Amino acid sequence: MRRDIRLFWWAGTCDALGSQTSGLVLPLLLLSLGRTPAEVGAVAGLGAAATLLLGPLAAVPADRGARKRVMVGAALVSAAAMTGVALAVRSGTVPMAVLLGAVLVERAATSCYEAASLGTVPLVCPASEHRRVLARLQAGERGALVLGPALGGLLFQAGRWLPFLADALSYAVAALCIRALRTELSAPRDQLPTDGGPRRTWRTLSAEAGAGVALIRRDPFLRLALVWISAVNALLVALYYTTVFALEDDGRGAAGLGLVLALAGAAGLVGALLAPRLAGRRSPGSVLVAVSWLLVPPAAALAAARDAWQFGLLFGLLCLLTPLATVALQARVIQVTPPGLQARTGTVLATVSGAAAALAPALAGLAADRAGSGATLLGCAVLLAVLALHVTRAAPAATRGPGEEPA
């Protein structure tokens with residue numbers, strides 16, 4: 001078990017590190033090739049759309065017992081796509097169609113890998129270890145978020161193709177780690193969904209893909225988790241972009257933003273490492289209520305911040321608190337979701353929260369143009385307070401298991 005947990009951690013961390021390494025420099029590469037900001041934004045938007053659309057489809061075979069095959073195959077496809085990008089950049093001639101095609105293939109394959117990886121934790125460790133393992137996985141991702149951009153910048157200076165080669169190698173390492181897992185990454189056969197017979201109709205396939213949505217609609221805790229994760233992700237993104245607007249208005253620009261990102265990344269890493277100790281013995285409801293209310297004061301204080309270090313400390317406090325609730329939520333989601341629906345349910349949560357986060361920058365920019373950065377930050381704090389009120393009312397019933405006292 002310990003060996004498989006380590007391998008799964010290395011797979012996820014290497015994948016995240018490679019993606020952060022190449023993700024930072026892809027816009028710089030496109031701009032250096034003479035592409036317009038609109039074209040750069042279009043590439044990013046198409047990649048995000050591919051991620052949101054293909055994940056739910058890949059979750060179906062993963063839940064049916066093909067989780068390891070989907071993950072290994074997707075990682076190898078991503079490695080091949082990034083190798084193609086690295087070779088094209090190394091040759092000096094990078095046709096836009098080739099680059100766009102490779103990026104879309106990599107994004108689509110990555111979304112399949114991420115969808116299939118959901119539900120792996122309960123297969124490689126017992127329930128008593130869920131929170132600790134989830135916290136370590138989140139710490140690895142946040143560490144990659146801190147180290148990846150710096151590594152990407154250094155490699156880009158040495159050679160524009162090197163960050164993409166590093167990303168390709170990270171996918172290859174992830175594929176090898178997943179391939180080496182000894183645990184059978186599928187639920188017991190009696191807990192797998194039926195295949196619907198040899199002649200499955202489109203209606204049957206649609207029902208399979210939408211099984212995660214149906215489960216979330218029925219389960220009060222999963223509905224609460226969907227609302228909380230989507231709202232907090234969107235509001236944190238809105239707070240971040242509004243902070244960028246505020247720093248730009250005050251003339252602090254890239255240096256101030258770098259300080260904010262560094263403090264936020266370090267705080268998020270610390271929060272993920274402390275999550276099992278601080279939230280491990282408390283019910284998910286009590287953790288969710290406490291974190292929801294604790295997010296409100298630093299969000300409101302951002303409206304009064306003026307210096308970059310003030311923005312950085314307050315945003316860092318937000319990033320320190322969120323892993324506590326995220327780990328508790330993820331552990332409870334695993335507990336209440338049937339083994340044969342883990343990937344589909346997790347993909348629905350990730351897709352909806354990702355879509356909400358994708359809309360947040362545009363809404364934050366519109367609000368900042370109309371009302372100013374300070375009012376937008378204060379508005380986000382008010383919305384967090386409304387969310388905290390909702391969680392306080394809904395969490396006791398939603399998170400109560402059989403025979404448990406209210407949270």
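Residues numbered from 1 in each chain as written. Predicted model: local features only at pLDDT ≥ 70, side-chain atom pairs only at ≥ 80, totals over all residues. Heavy atoms only, no water.

**Student:** Give a description of the confidence of the model for the protein chain that names residues and reports values.
**Tutor:** On average, residues of the protein chain score 82 in pLDDT, and 87% of them are at 70 or above. Within the protein chain, helix α6 (residues 162-179) carries the highest mean pLDDT (94), whereas helix α7 (residues 202-209) carries the lowest (63). Confidence drops under a pLDDT of 50 for residues 195-199, and excluding neighbours within four residues, the segment shows three contacts in the predicted structure. Across residues 402-407, where pLDDT falls below 50, the model places nine contacts with residues more than four positions away in sequence or in other chains. (pLDDT = per-residue confidence, 0-100. Helix = DSSP H or I, 4+ residues; strand = E, 2+ residues; numbered from the N terminus. Contact = heavy atoms within 4.5 Å.)

**Student:** How would you summarise the side chain of Q138 if you had to cite specific residues and measurements?
**Tutor:** Mapped onto the elements of the fold, Q138 is located in helix α5 (residues 130-158). Here Q138 falls in the buried class, since its relative accessible area comes to 9%. Once residues within four sequence positions are removed from consideration, Q138 is found in contact with A272, P323, T326, V327 and Q330. (Buried < 20%, exposed > 50% of the residue type's maximum accessible area, 1.4 Å probe, protein only.)

**Student:** Lay out the nonpolar core in plain terms, naming residues and giving numbers.
**Tutor:** In this structure, I178, W228 and L239 are the most contacted members of the largest nonpolar core, which totals 89 residues. Sorting elements by how many residues they give to this core places helix α13 (residues 308-336) first, with 15 residues. Among the nonpolar cores identified, the runner-up in size contains 18 residues, and L29, V85, V103 and Y171 belong to it. (Core = buried A, V, L, I, M, F, W, Y, C linked by side-chain atoms within 4.5 Å.)

**Student:** Break down the layout of surface pockets for me, with residues and values.
**Tutor:** Within this model, the second largest pocket holds a volume of roughly 260 Å³. As for the second largest pocket, its lining consists of twelve residues, of which A127, S128, H130, R131 and A331 are closest to the centre. At the level of elements, α5 and α13 are the ones that each hand at least two residues to the lining of the second largest pocket. Looking at the lining of the second largest pocket residue by residue, the classes come out as four nonpolar, four polar and four charged. (1 Å grid on protein atoms, 1.4 Å probe; cavity = no way out; pocket = protein on both sides within 12 Å on 5 of 7 lines; lining within 4 Å. Points joined across faces, edges and corners; volume = space filled by probe spheres on them. Nonpolar A, V, L, I, M, F, W, Y, C, P; charged D, E, K, R; others polar.)

**Student:** An account of the packing of helix α11 (residues 284-294) against α13 is needed here, citing residue identities and associated values.
**Tutor:** For the pair α11 and α13, interaxial distance at closest approach is 9 Å and the crossing angle is 155 degrees. If you check the angle between α11 and α13, you find them roughly antiparallel. For the pair α11 and α13, the sense of crossing is left-handed. Only L321, L324, A325, A328, L329 and R332 of α13 make contact with α11, whose side of the interface consists of P284, V287, L288, V291 and L294. Among the residues forming the contact of α11 with α13, the class breakdown is ten nonpolar, no polar and one charged. (Axes fitted to C-alpha atoms, helices over the stretch in contact; angles between N-to-C directions. Parallel < 35°, antiparallel > 145°, perpendicular 65-115°, else oblique. Left-handed = near helix turned anticlockwise from the far one by under 90°.)

**Student:** Break down helix α3 (residues 96-117) for me, with residues and values.
**Tutor:** The terminal C-alpha atoms of α3, which comprises 22 residues, lie 31 Å apart, in line with the 32 Å expected from a rise of 1.5 Å per residue. G119 lies just past α3 and shows a positive phi near 95 degrees. (Expected span 1.5 Å × (residues − 1).)

**Student:** Give me the lowdown on the pattern of salt bridges, citing residues and values where you can.
**Tutor:** According to the stated counting rule, one finds six salt bridges in the structure shown. For the salt bridge of R107 with E106, the shortest nitrogen-to-oxygen distance reads 3.1 Å. The salt bridge partner of R132 is E129, with a shortest N-O separation of 2.7 Å. Among the charged side chains, a salt-bridge network with shared partners connects R2, E129 and R132. (Salt bridge = Lys/Arg side-chain N within 4 Å of Asp/Glu carboxyl O.)

**Student:** Lay out the packing of helix α14 (residues 342-371) against helix α15 (residues 373-398) with the relevant residues and their values.
**Tutor:** Contact geometry of α14 with α15 gives a least axis separation of 7 Å together with a crossing angle of 130 degrees. Between α14 and α15, the angle is such that the two are oblique. Here the hand of the crossing between α14 and α15 comes out right-handed. Contact residues: A364, A367, A368 and A371 in α14; S373, A375 and T376 in α15.

**Student:** Describe in detail the side chain of D219, supporting the description with residues and values.
**Tutor:** The topology assignment puts D219 in the loop between α8 (211-218) and α9 (220-249). It turns out D219 is buried and unbridged, and the closest side chain with the opposite charge, R223, is 6.8 Å from it. From its side chain, D219 meets the backbone nitrogen of L222 in a polar contact 3.0 Å long. (Lys, Arg positive; Asp, Glu negative; His and termini not counted. Polar contact = N/O pair within 3.5 Å; in protein donor to acceptor, adjacent residues only side chain to side chain.)

**Student:** A description of the environment of L57 should follow, citing residues and the corresponding values.
**Tutor:** Mapped onto the secondary structure, L57 falls in helix α2 (residues 37-91). What makes L57 exposed here is its relative accessible area of 53%. Counting along the chain gives 59 residues from L57 to A116, while the straight-line C-alpha distance between them is 9.9 Å.

**Student:** Before we move on, can you summarise a nonpolar patch on the surface with the specific residues and values?
**Tutor:** A cluster of nonpolar side chains, contributed by L53, L54 and L57, occupies part of the molecular surface with about 290 Å² of accessible area. Examined against the element boundaries, L54 turns out to sit in helix α2. On the accessibility criterion, L54 (31% relative accessible area) is partly exposed. (Patch = residues over 30% accessible without salt bridge, like charges linked within 9 Å, V, L, I, M, F, W, Y side chains within 5 Å. Areas by Shrake-Rupley, 256 points an atom, 1.4 Å probe, with all protein chains shown as cover.)

**Student:** How would you sum up helix α1 (residues 2-32)? Please name residues and give values.
**Tutor:** Over its 31 residues, α1 runs 45 Å from end to end, which matches the ideal 45 Å to within 8%, given 1.5 Å per residue. The sharpest bend along α1 comes to roughly 30 degrees, located at L26, with the proline P27 sitting one to four residues further on. Just downstream of α1 lies G34, where phi reads positive at about 90 degrees. (Bend = angle between axes of the 7 residues up to and from the residue.)

**Student:** Kindly report on the packing of aromatic side chains, identifying the contributing residues and their values.
**Tutor:** On inspection of all chains with the given rule, the structure shows three aromatic pairs. Among the aromatic residues, those joined into a ring-pair cluster are Y240, Y241 and F315. The positively charged end of R332 is found above the aromatic ring belonging to F221, 5.9 Å away from the centroid. (Phe/Tyr/Trp six-rings, centres within 6.5 Å; stacked < 30°, edge-to-face > 60°. Lys NZ or Arg CZ within 6 Å of the ring centre and 35° of its normal.)

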